[in-house]
Amino acid sequence: MGTAGQQNGPDRRALLRAVVAVPAAGAATAAFETAPARAVTTGGGGRFDTESPRFALAVLPDTQYLFDADSADPAPLRETFRYLVAERAGANIAFMTHLGDVTEHGTEDEISRAADTFRTLHGKVPYSVLAGNHDIPSSTDDQRGDTAYLAAFGPERYASMPTFRGASPDGYNSYHVLRAGGREWLVLALDRRVSDKGLRWAQGVLDAHPALPAVLTTHDIAWPDDVGEARLSANGERLWDGLVRGNDQIFLALGGHYWPPGRTVLTNDHDNDVHVHITNYQDRYYGGAGMIRTYSFDLARGVIDVETFAPWFLARDPEKRTPLEAETVELTGPVDRFSLNVDFGERFGGFAPTVPPKPRPASAVMPHGTVAYWRFDGSGTAPGAPVTDGTVVRDLTGHGNDLTVSRLHASGPDVLTWSADHHPGRPPHAGLHFDGGKGPDRGAVLTTRAGAALNSAKLPRGYRVFVQCSTLQGGSEGHPAHGGPKGRSGMAGPPRRATELSGLPPDGRDVRPAEAT
């Protein structure tokens, strides 16, 4: 622990005893197929969905004032752990990491109390713990040898966790690999003073998992200035130069030790952002009261939402909270509640480029009873080449409802061209580029032949038409269009690209339109 200026904090017993007695142009898609979610069940903790694009990482900083000799009070931390277990499924909590200074003096009694408190979480939510300067002799690095901390929070503690993958030979550094958001993530938990041996071990872990995004956790990495801007500490500069800046995998680095909280964004050697955050609430009421910070990843939105709150106070009747409890139940300042915009595909593209799925055959995506299905993949045709009049787009159901291309009036060749653009999640990997418009009218028409079965189909209950397309300006579309047996999917307005047509009528049959412009 420590303030930004390395000054002594408020009296720790006073903190515990203080009481107040008064109150694009990319293709859009309709969701025809969804991957089956996989879940991890943990005793009492609900089901964690490993494939959901939304999950949370919980961060717990300096809890030392809750384990301080005769002033120890583990109740707040137990409530925090109960909250994480109860919300394991609802908040999709993947992991919890403690940032060190578990205890105040690192005595066997304090360490034993803390280790016993962690049993509330153990086997229900995977977690990591690392040593802070109050947990071990503060002048030593990770080659210090045996300590009470190592006996209780060494590698043996995590051996039964499915996320635990190993520890350094000294036992003070460890790493976990967790599956969340449909991919694997690496969490490094490094000692408060990593030796050169420890840095080489950490580099070896990263080298062995070159495609995994990594979160680095340690006790001392940055201190905050007067406006909440995080500045690398001496130890943080050593970690930055010796490990972080050269390893593009590390996109988030978390530390405690100093207060108040702070954050900054640094640029690594690969010209990518690394978010560096300080998380510490020991200077607040009741020594922080087991306050946690959650990093809620939303891979679909490209956002990490960060919140800070105290489950111990949250569990109390709001009408009965004291003013200090009400003030501490949730922190909403700019360094405690904020969002990070992250284009995960771009940020991780240098070491883990996205591999698009292979095109899927029509037979794999057509529901039973499909009347017609057209896919505009222009097999073997160069992107940008005109789709000439008379080109036939086959009905892949085999029912003979083929489409033939013709142009409106004197429209030029560029009003309908082949395109390689496609949504990575859709079956075809190419499409058509429509560039129609008005004044004068121009465009292209795809029409079923005379006598096609679809032309005379009786659909008394109606049908829905789905066009898999994207607009090249003004947003994307993928919504159903409704109409009669010869309905049209209009392509007027901004240029668009279409890859396939599909739809579902009310009776469950899959019917395609007779014409598409």
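Examining the confidence of the model for the protein chain
Reading predicted coordinates in detail is not appropriate for stretches of low pLDDT. Looking at the protein chain, the pLDDT average stands at 83 and 80% of residues meet or exceed 70. Across residues 5-37, confidence stays below pLDDT 50; counting only partners more than four residues off in sequence or on other chains, it has 73 contacts. A low-confidence stretch, residues 473-494 stays under pLDDT 50, and its non-local contacts, those more than four residues away or across chains, total 45 contacts.

Here we look at the packing of helix α6 (residues 196-208) against helix α7 (residues 234-244)
Where α6 meets α7, the closest approach of the two axes is 10 Å, and the angle between their N-to-C directions is 45°. Taken together, the axis directions place α6 and α7 in an arrangement best described as oblique. Here the hand of the crossing between α6 and α7 comes out right-handed. Note on element contacts: α7 touches α6 through Arg238, Leu239 and Leu243, opposite Asp196, Leu199, Ala202, Gln203 and Leu206. Partitioning the contact of α6 with α7 into residue classes produces five nonpolar, one polar and two charged.

Some thoughts on the pairing of strand β23 (residues 403-407)
Residues Leu403, Val405 and Arg407 of β23 are buried on one face, while the alternating residues Thr404 and Ser406, pointing to the opposite face, are not. As paired strands, strand β22 (residues 392-393) and β23 are joined by two bridges and run antiparallel to one another. Of the residues in β23, the one forming a bridge with valine 392 is threonine 404. The pairing of β23 with strand β26 (residues 444-448) spans five bridges and is classified as antiparallel. Its bridge partner lying in β26, leucine 403 is registered against threonine 448.

Structural notes on the environment of aspartate 68
By the secondary structure assignment, aspartate 68 is in the loop between β4 (54-60) and α2 (75-86). With relative accessibility at 0%, the residue aspartate 68 sits in the buried group. Remark: the alpha-carbon pair of aspartate 68 and threonine 103, spanning 35 residues in sequence, is separated by 6.4 Å.

Analysis parameters
Residues numbered from 1 in each chain as written. Predicted model: local features only at pLDDT ≥ 70, side-chain atom pairs only at ≥ 80, totals over all residues. Heavy atoms only, no water. pLDDT = per-residue confidence, 0-100. Contact = heavy atoms within 4.5 Å. Axes fitted to C-alpha atoms, helices over the stretch in contact; angles between N-to-C directions. Helix = DSSP H or I, 4+ residues; strand = E, 2+ residues; numbered from the N terminus. Parallel < 35°, antiparallel > 145°, perpendicular 65-115°, else oblique. Left-handed = near helix turned anticlockwise from the far one by under 90°. Nonpolar A, V, L, I, M, F, W, Y, C, P; charged D, E, K, R; others polar. Buried < 20%, exposed > 50% of the residue type's maximum accessible area, 1.4 Å probe, protein only. Pairing = 2+ DSSP bridges.

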